[in-house]
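# Structural description and commentary
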Amino acid sequence: MEVDSGNGVVERKQSIYKSLDESFEIQKEMYRGQQYSQIYFARLHLMRTLLYSLIPTWKPHLPVCTVLGLEQGKECIIVGTLFKHMKLKPTILDEYSKERSASPLVKPHNFMHSDDYLILEDESGRVKLRGTILVPSVYVTGLVVALHGKETGAGDFMVEDILEAGLPPQIDRPLNPNGDDKYVVFVSGLSVGSSSANPLQFQLFVDHITGHLGDEKEQGIAAKIVQVVIAGNSVEFPRGLFNGQNLGSKEQSKLSEPTKELDILLTQIAAGIPLDIMPGTSDPANFALPQQPLHKCLFPGSAAYNTFRSCTNPHSFELDNVRFLGTSGQNIDNLAIYSDASSRIDFLERTLKWRHMAPTSPNTLGCYPFTDRDPFFVEACPHVYFIGNQDKYVTSLIQGSDNQVVRLISIPRFAETGTAVVMNLKNLECHALSFGTQFD
Amino acid sequence: MDYVVGDGHNEFLQSSSGLAAIIRIFGVTKEGHSVCCFVHGFEPYFYANCPSGMGPDDIFRLHQILEGKMKETNNNYKAPKCIRRIELVQKRSIMYYQQETSQPFLKIVVALPTMVASCRGILDRGIQIDGLGIKSFMTYESNINFSLRFMIDCNIVGGNWIEVPRGKYNKISRSLSNCQLEFYCLFSDLISHAPEGEFSTMAPYRILSFDIECAGRKGHFPDPSHDPVIQIANVVTLLGEGQPFVRNVMTLKSCSSIADVDVMSFDTEKEVLLTWRDLVREVDPDIIIGYNICKFDMPYLIERADVLGIAEFPMLGRIRNSRVSIKDTTFSSRQHGTRESKEVTMEGRVQFDLLQAIQRDYKLSSYSLNSVSAHFLNEQKEDVHHSIISDLHNGNSETRKRLAVYCLKDAYLPQRLLDKLMFIYNYVEMARVTGVPLSFLLSRGQSIKVMSQLLRKAKQKNLILPNVKQAGSEQGTFEGATVLEARTGFYEKPIATLDFASLYPSIMMAYNLCYSTLVNPEDARKLNLPPECVNKTPTGETFVRSNLQKGILPEILEELLAARRRAKADLKEAKDPLERAVLDGRQLALKISANSVYGFTGATVGQLPCLEISSSVTSYGRQMIEHTKRLVEDKFTVLGGYEHNAEVIYGDTDSVMVQFGVSSVDAAMKLGREAADYISSTFINPIKLEFEKVYYPYLLISKKRYAGLYWTNPQKFDKMETKGIETVRRDNCLLVKNMVTECLNKILIERDIPAAVQYVKNTISDLLRNRMDLSLLVITKALTKTRDSYKVKAAHVELAERMRKRDAATAPNVGDRVAYVIVKAETNAKAYERSEDPIFVLENNNPIDHKYYLENQISKPLMRIFEPILKNANKELFQGSHMMSKNNCTPNIGIAKLFGKQLSCIGCKTPISNSDHTLCSQCKGREAELYCKSIANVAELEELFGRVWTQCQECQGSLLQDVLCTSRDCPIFYRRKKVQKDMEQAKQELDRWNF
Ligand code: SF4
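Residues numbered from 1 in each chain as written. Chains lettered and ligands numbered in written order. Predicted model: local features only at pLDDT ≥ 70, side-chain atom pairs only at ≥ 80, totals over all residues. Heavy atoms only, no water.

## Overview of the overall build of chain A
Along its length, chain A carries 7 helices and 18 strands. Out of the 440 residues belonging to chain A, those deemed buried represent 56%. Contacts in chain A between residues at least 24 apart in sequence constitute 73% of all its contacts with a sequence separation of at least 6. By element, 51% of the accessible surface of chain A is carried by carbon and sulfur atoms, the whole surface being about 18,100 Å². (Helix = DSSP H or I, 4+ residues; strand = E, 2+ residues; numbered from the N terminus. Buried < 20%, exposed > 50% of the residue type's maximum accessible area, 1.4 Å probe, protein only. Contact = heavy atoms within 4.5 Å. Areas by Shrake-Rupley, 256 points an atom, 1.4 Å probe, with all protein chains shown as cover.)

So, in structure tokens, the structure goes:
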């Protein structure tokens, strides 16, 4: 366990850091035969309480019903968990199905189909949803919503309006337009050890942010970097290598070389700048969300610095009272497989408004079977909400009805794009930092 | 006004006045009203031969003697007259070719249908007639079901629209049935409409699908004398409508309501049962379906009502005040063997048990509702164990609701299967084609169908069928169909297949084989028939040709096949899916019927066996196959101007496989077509050889065992076809099936033999290294009877016994399927002693007996596949480094328990002191590597955990409720149990890294 990433507030010269990862840690939790029904139940409970509190301002005149209490033709509001019936959704049972088609299936990038439909479930039962208001391609299994509508003759529920939870309340951000510029650097998908990674590019990046490169102006900016966040997929970890046997020396080195290389570079960063490293899909970490911090035995060099923090994924922290929340990208990647949006940023915004980071978890996105809580529920609105390992750098600033302001960032895969993202803590302004190498 | 003979309940009643049989026809009108029609005036009768020299006086005397004898044997017949009359009629027996057109026969008309049998008995035994001495009579058509007799004589077939003209019927003053319409009429006034044109439509049958749940006591299969019926779920559908219009469930004790379902809760079982009875009466279904209702649900309800003393319960039929009762019946047929079943007859309603129908029509490895729905509907069905059922029932209204939802699913699934498999369409078509009532199709064998057609045809020709006494013993089985020697091997050139279209029916038509054309050997000499008028079959029988007299069987076959051609042509035209369903059902029914005619003549225990016909058919068949082989190999040669010499590599009952030597599918197809046309021209019409498909590549393993890719057009293959290869055998574990399928895929589709070999090696290595998913190793067998009645010790029976000792509540009972795996035990333990419950194995980490799986499960089927392909198959597959097994499975468990919580190093398993928790000093240096190993393991398990458990949530249809399912038939059941347990351990191990 990372010593520095506890709750302790670590005084630094440049900024004040406070970890908020506690809810993503699963130290005491155990597998004791619990199932996924409990996390769904916890989620329904949390979100329903919230939605119920909003209904009086939304549609005060309408009665609130359970699925069971529906009466044909009677207008009402129901709250429950959505389930999307998807024709193309692959299941583990397919592995056992008898017939193989002659041509191998091309894996589609998305499992949507025009026949998909939504069902709403609460403790009392399920009801099929109809109507053009609620678009199946936007919503996903696991989400809790309030719906206004009425039961049709066929026993379905005709949806007339939808209430989502909306942006959570936000703590005030210290507004200090004349204050110092302080930068946070985000990078993801370093993929050390993979074929797409270019060690030189990474070295350039390290040199740049540590102030060993560039002109004076650039060095000036580098000096103002107060935090580096690595959002997952730092190495390419060949999980398949482990199949019960002891490894041969060749395989051992294949396994350990990338982490060693990573450690060397991280040590250079940690020597000067506070560094948060989050696990991602390809890292030597567990699979299910929340992913637990990478073990420090993997980083004998950098872990020696107290600026090095191994964090969970999702990861949340505060820097000078600016609140950050982010993941290594799995939650949004999964949404993109099971629903549609015009860009990744849209998905990000959507999850914030749903107040749930990963509704498809556990249905299609593995997660720990929590029994009494749902850590993916977004209690407080972050100022910065980021995801790692995306195709390209995109950002936008959204504003909520309650004066919330959120910077959304999609961090590209560094190994493929050579791009990191720099954000100014003072005004949440963002720009890309690209490293091209002519050598490839 | 129209209505349909929906079913076979055309029973007779004794009307109080005249003691005559009254036929009852139940059916439904186009508008969907149920009808009960009482038909009067139809009399039971049969024929007997008329000994020569018998005059009118003798007949009169015979009448009196018979009457007397009848009275003697049946003094409880209060009928004034048993034998109504005896007439002299001109008929001809169907047996043997005869030159006379007719002979006198006696038609004996009796008062009641049951008298036919006793009267036949008397005549069989022979009676003394003054002046003629003791005469024994040969009877004809004396074993025909009365209602069938009626249908034949009135030209009514099953699923037939019948019209009763206005003014020809009378309403019944005091209604006797629960039908909406009820009246009586004279049988001669009925107008039967042949099922064509507007009368080919299906009647709007009302179908009730139901399922019951009983609260069994722990450790026992539910028994009606103890265990209450706690829930009955019902789904009612109108034929042809997609959605059910009634869904309800009756529960004992309160039950929370369920969306879209009418939940009725009661405090007593009596109310539950009676409400169900009322439902049946109110809905008045024509057809009642369910899964295993005939053997379980129906008898259970009736017996339970009896135990509870609810006398008014069993009035479920359409006749008022008539009780439904249970009869034990056995039903045997050549195709399906002997089956015991309970028969619950319900007047006016057809019971259609999906289990029986599927067992009859499909060969599956398991017939549990779960596997059946996985197979046909492609979805798993959660399964709740009996012991859980009682717990759910004893919980609260929420848990009972859970049960009710489950019960409803089970009630709806049969309906969905019925729709999916188009049973009603196919069966009604079959009833129409063969002329028997719907209910016969399920409860009787094939022969009644042929019999019905034969009788109908014979009637038109003035022929009558003798009643042969059943010989009983299977006298000398005649030589069956031949297959040409299979030249086993792996053929990498296209193999063209020449098929005889409906070979046996064609032979019967071509050579005019029939009862009525067979020449009795004595007659053959006497009659001196000119050779151009007869055929001598290869077995030496003589049949007259059709120019002399056309046979009845060929005529039936011609009609059937012509009708099939018509149906197929119509099918091509038809657009409407419902119409297509009907037509497709019809063409299938026609095909099956045509093929069963041959079987009818060969059924030695059947109604009218005639081995002369059946053995002639097969011998002709053999000849044709050999003839084809000769012609192909003579004509398609290099000498004959072809590129290669053709070679016949295999011939089956009705097909011949030829390797023409060409390497493209296209060329093989051309030659195949040419050969088929050429050879067909040498056969007598309608025998015809057709070219249909090419196999390429083709793996011929032995007689009746092969696999190949099936091509009907040269661009792309249609599918992979396998025959006789272990993909569906019941006693194999899934691993075998997977391996066989995967190997065939690799060999045939990917054409990569080394990859197939590598795959086998990898899988074996996985098996030996304990990395096999347990569910792949599970073998299931049904526990059909109690332990004592098994003669030899069987693995599943022994296991069931051991499980009962462990925990009687969850142990399998008779009727359950027992799932087991074979585990390692003391060296000389027998295989049956080494069977173990997979769950138990998961929990206790028992080592799997790899050797057993290798030798008894996978080796044979794989060898069969690879032997024709590899020279040293055995060596290639089963020798080498992949055969090294890993012997370190689970030895520590016991010891660790003994010494308390002694920790061991994660790296090398040596015990370590508690202070350094994870690794011993030697392994410290490998920390990162070993950690990665632990974490990789955890990651893999987590992924699997998520996938299986969410799948089960989806299967049970709820996110918010716990999965309860214990379906051992489901491939992921063990996996999810196992991953749950593995996960617990892996997480604990991982936690040791975080000190
Ligand atoms: S084990 Fe799961 S998937 Fe299989 S039948 Fe049961 S609930 Fe369904």
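And the narrative resumes.
## With respect to the site of the ligand
Residue and element names in this part refer to chain B. The environment of the ligand is formed by Gln380, Lys381, Glu382, Cys952, Cys955, Cys965, Ser967, Cys970, Ile972, Phe973 and Arg976. The set of elements that each furnish at least two residues to the shell around the ligand consists of α26 (927-956) and α27 (973-991). Of the residues assigned to the shell around the ligand, the class counts are 6 nonpolar, 2 polar and 3 charged. When residues of the shell around the ligand are assigned to domains, at least three map to each of domain 3 (206-435) and domain 6 (901-991). (Near = heavy atom within 4 Å. Nonpolar A, V, L, I, M, F, W, Y, C, P; charged D, E, K, R; others polar. Domains from an automatic or database assignment.)

## Observations concerning the pattern of salt bridges
Scanning all chains against the criterion turns up 45 salt bridges over all chains. For aspartate 333 of chain A, the salt bridge goes to arginine 344 of chain A, with nearest N and O atoms at 2.7 Å. Placement of the pair is aspartate 333 of chain A in helix α5 (residues 330-338) and arginine 344 of chain A in helix α6 (residues 344-354), with a sequence separation of 11 residues. What makes aspartate 333 of chain A partly exposed here is its relative accessible area of 29%. Residue arginine 344 of chain A is classed as partly exposed on the basis of its relative accessible area of 27%. Of the charged contacts, one joins glutamate 633 of chain B and lysine 629 of chain B as a salt bridge, the two residues approaching to 3.7 Å between their closest N and O atoms. Note that glutamate 633 of chain B and lysine 629 of chain B are positioned in helix α17 (residues 611-635) at a spacing of 4 residues, about one turn of the helix. The class for glutamate 633 of chain B is partly exposed, based on a relative accessible area of 23%. (Salt bridge = Lys/Arg side-chain N within 4 Å of Asp/Glu carboxyl O.)

## Concerning the packing of helix α13 (residues 503-510) of chain B against helix α15 (residues 552-573) of chain B
Residues and elements named next belong to chain B. Orientation of α13 relative to α15, taken along the N-to-C sense of each, is 130°, at an axis distance of 8 Å. On the basis of their axis angle, the class for α13 and α15 is oblique. You can see that α13 and α15 cross each other, and the crossing is left-handed. Taking contact as the criterion, the partners of Pro505, Met508 and Met509 in α13 are, on α15, Leu553, Pro554, Leu557, Glu558 and Leu561. (Axes fitted to C-alpha atoms, helices over the stretch in contact; angles between N-to-C directions. Parallel < 35°, antiparallel > 145°, perpendicular 65-115°, else oblique. Left-handed = near helix turned anticlockwise from the far one by under 90°.)

## Focus: the packing of aromatic side chains
Inspection of the entire model under this criterion finds 43 aromatic pairs over all chains. Relative to phenylalanine 386 of chain A, the ring of phenylalanine 186 of chain A has its centre 4.9 Å away and its plane inclined at 45°; by these criteria the two rings are tilted. Within this pair, whereas phenylalanine 186 of chain A is found in strand β8 (residues 183-187), its partner phenylalanine 386 of chain A is found in strand β14 (residues 384-390), the two being separated by 200 residues in sequence. Here the two residues phenylalanine 186 of chain A and phenylalanine 386 of chain A agree in accessibility, since each one is buried. Considering the side-chain rings of phenylalanine 299 of chain A and phenylalanine 308 of chain A, the 5.3 Å spacing of their centres and the 50° angle between planes classify their relative orientation as tilted. What makes phenylalanine 299 of chain A buried here is its relative accessible area of 2%. Looking at phenylalanine 308 of chain A, the relative accessible area reads 0%, which means it is buried. By way of ring pairs, the aromatic residues Tyr31, Tyr36, Tyr368 and Phe370 of chain A together with Phe945 and Trp949 of chain B are connected into one cluster. (Phe/Tyr/Trp six-rings, centres within 6.5 Å; stacked < 30°, edge-to-face > 60°.)

## Re the sheet that holds strand β17 (residues 262-266) of chain B
All names here are of chain B. Sheet architecture is open: 6 strands sit in the order β17-β16-β15-β14-β18-β21, paired in mixed fashion. The sheet terminates laterally at β17 and β21 (350-353), the two strands that pair on one side only. Strand-to-strand, the axes of this sheet are offset by a mean angle of 20°, without reference to chain direction. Judged from the 9 bridges that link them, strand β14 (residues 206-214) and strand β15 (residues 229-238) form a sheet pairing that is antiparallel. (Pairing = 2+ DSSP bridges.)

## Some details on the pairing of strand β4 (residues 45-49) of chain B
Residues and elements named next belong to chain B. Burial runs high along β4: 4 of the 5 residues are buried. In this structure, β4 lies alongside strand β6 (residues 103-110), joined through 5 bridges in antiparallel fashion. What sits directly across from tyrosine 47, in β6, is lysine 107. The sheet contact formed by β4 and strand β9 (residues 139-140) spans 2 bridges and is antiparallel. Looking at β9, one finds that tyrosine 47 is bridged to tyrosine 140.

## Let's talk about the interface of chain B and chain A
Listed per partner, the contact involves 67 residues of chain B and 58 residues of chain A. Summing both partners gives a buried area of about 5,400 Å² for chain B against chain A, and 57% of it is carried by carbon and sulfur. The tally of links between chain B and chain A comes to 1 salt bridge. Taking the shortest distance from any N to any O, the salt bridge between lysine 89 of chain A and glutamate 954 of chain B comes out at 2.7 Å. At the junction of chain B and chain A, the tally comes to 15 residue pairs in polar contact (both at pLDDT 80 or more). Sorting the residues of the side of chain B that touches chain A by element identifies α7 (369-376), α9 (397-420), α19 (734-749), α26 and α27 of chain B as the ones contributing at least two each. (Buried area = accessible area lost by both parts, 1.4 Å probe. Polar contact = N/O pair within 3.5 Å; in protein donor to acceptor, adjacent residues only side chain to side chain.)

## Some words on helix α12 (residues 447-460) of chain B
All names here are of chain B. Taking 1.5 Å per residue, 14 residues should reach 20 Å; α12 reaches 20 Å between its end C-alpha atoms and fits that length. Of all 14 residues in α12, 11 are buried, a share of seventy percent or more. All of the buried residues in α12 are Ile448, Lys449, Val450, Met451, Ser452, Gln453, Leu454, Leu455, Arg456, Lys457 and Ala458. In the stretch just after α12, asparagine 462 is the one whose phi turns positive, near 65°. (Expected span 1.5 Å × (residues − 1).)

## Description of the sheet that holds strand β22 (residues 463-464) of chain B
Residue and element names in this part refer to chain B. Taken together, 5 strands build an open sheet; the order of strands is β9-β4-β6-β5-β22 and the sheet is mixed. On the outer flanks of this sheet lie β9 and β22, each paired with one strand and no other. The sheet strands contacting helix α2 (residues 114-125) are β4, β5 (83-93), β6 and β9, and the helix crosses β4 at an angle near 10°.

## Topic: the state of the cysteines
Residues and elements named next belong to chain B. Throughout the structure, instances matching the rule amount to 0 disulfides over all chains. Summary of cysteine pairing: cysteine 36 is not part of a disulfide, and the nearest cysteine sulfur, belonging to cysteine 179, is at 5.0 Å. Overall, the relative accessible area of 0% leaves cysteine 36 in the buried class. (Disulfide = S-S within 2.5 Å.)

## A closer look at the domain arrangement of chain A
Often, the extent of an interface is quoted as the loss of accessible area upon association of its parts. All names here are of chain A. Taken domain by domain, chain A holds domain 1 (2-29 + 170-240 + 249-434) and domain 2 (37-93 + 111-163). The gap between the C-alpha centroids of domain 1 and domain 2 is 34 Å. Across the contact, 24 residues belong to domain 1 and 21 residues belong to domain 2. On the domain 1 side of the interface with domain 2, the three residues burying the most area are Tyr338, Trp354 and Asn363, jointly 31% of the side's total.

## Remarks on the confidence of the model for chain B
Residue and element names in this part refer to chain B. Across chain B, the average pLDDT comes to 80, with 88% of residues at 70 or higher. Across residues 1-17, where pLDDT falls below 50, the model places 82 contacts with residues more than four positions away in sequence or in other chains. Contacts of residues 887-900 to residues separated by more than four positions or lying in other chains number 5 contacts, the stretch itself having pLDDT below 50. Predicted complex metrics record ipTM = 0.90 and pTM = 0.72. (pLDDT = per-residue confidence, 0-100.)

## A few points about α9 of chain B
Residue and element names in this part refer to chain B. Taking 1.5 Å per residue as the helical rise, α9 with its 24 residues ought to reach 34 Å, and the 34 Å between its terminal C-alpha atoms agrees with that figure. The N-cap residue of α9 is asparagine 396: its side-chain oxygen and the backbone nitrogen of glutamate 398 are 2.9 Å apart. Immediately beyond the C-terminal end of α9, within one or two residues, lies methionine 422, with a positive phi of roughly 55°.

## Notes on the environment of isoleucine 388 of chain B
Residue and element names in this part refer to chain B. Locating isoleucine 388 in the fold gives a position in helix α8 (residues 386-394). Along the chain, isoleucine 388 and leucine 919 lie 531 residues apart, while their C-alpha atoms are 44 Å from each other. Setting aside residues no more than four positions away along its own chain, isoleucine 388 makes contact with Leu964 and Thr966.

## A word on the side chain of arginine 350 of chain A
Residues and elements named next belong to chain A. Positionally, arginine 350 belongs in helix α6. At 5.6 Å, aspartate 346 is the nearest oppositely charged side chain to arginine 350, a buried residue that forms no salt bridge. Separated by 2.9 Å, the side chain of arginine 350 and the backbone oxygen of aspartate 340 make a polar contact. Excluding anything up to four places from it in sequence, arginine 350 contacts Val138, Ser339, Asp340 and Ala341. (Lys, Arg positive; Asp, Glu negative; His and termini not counted.)

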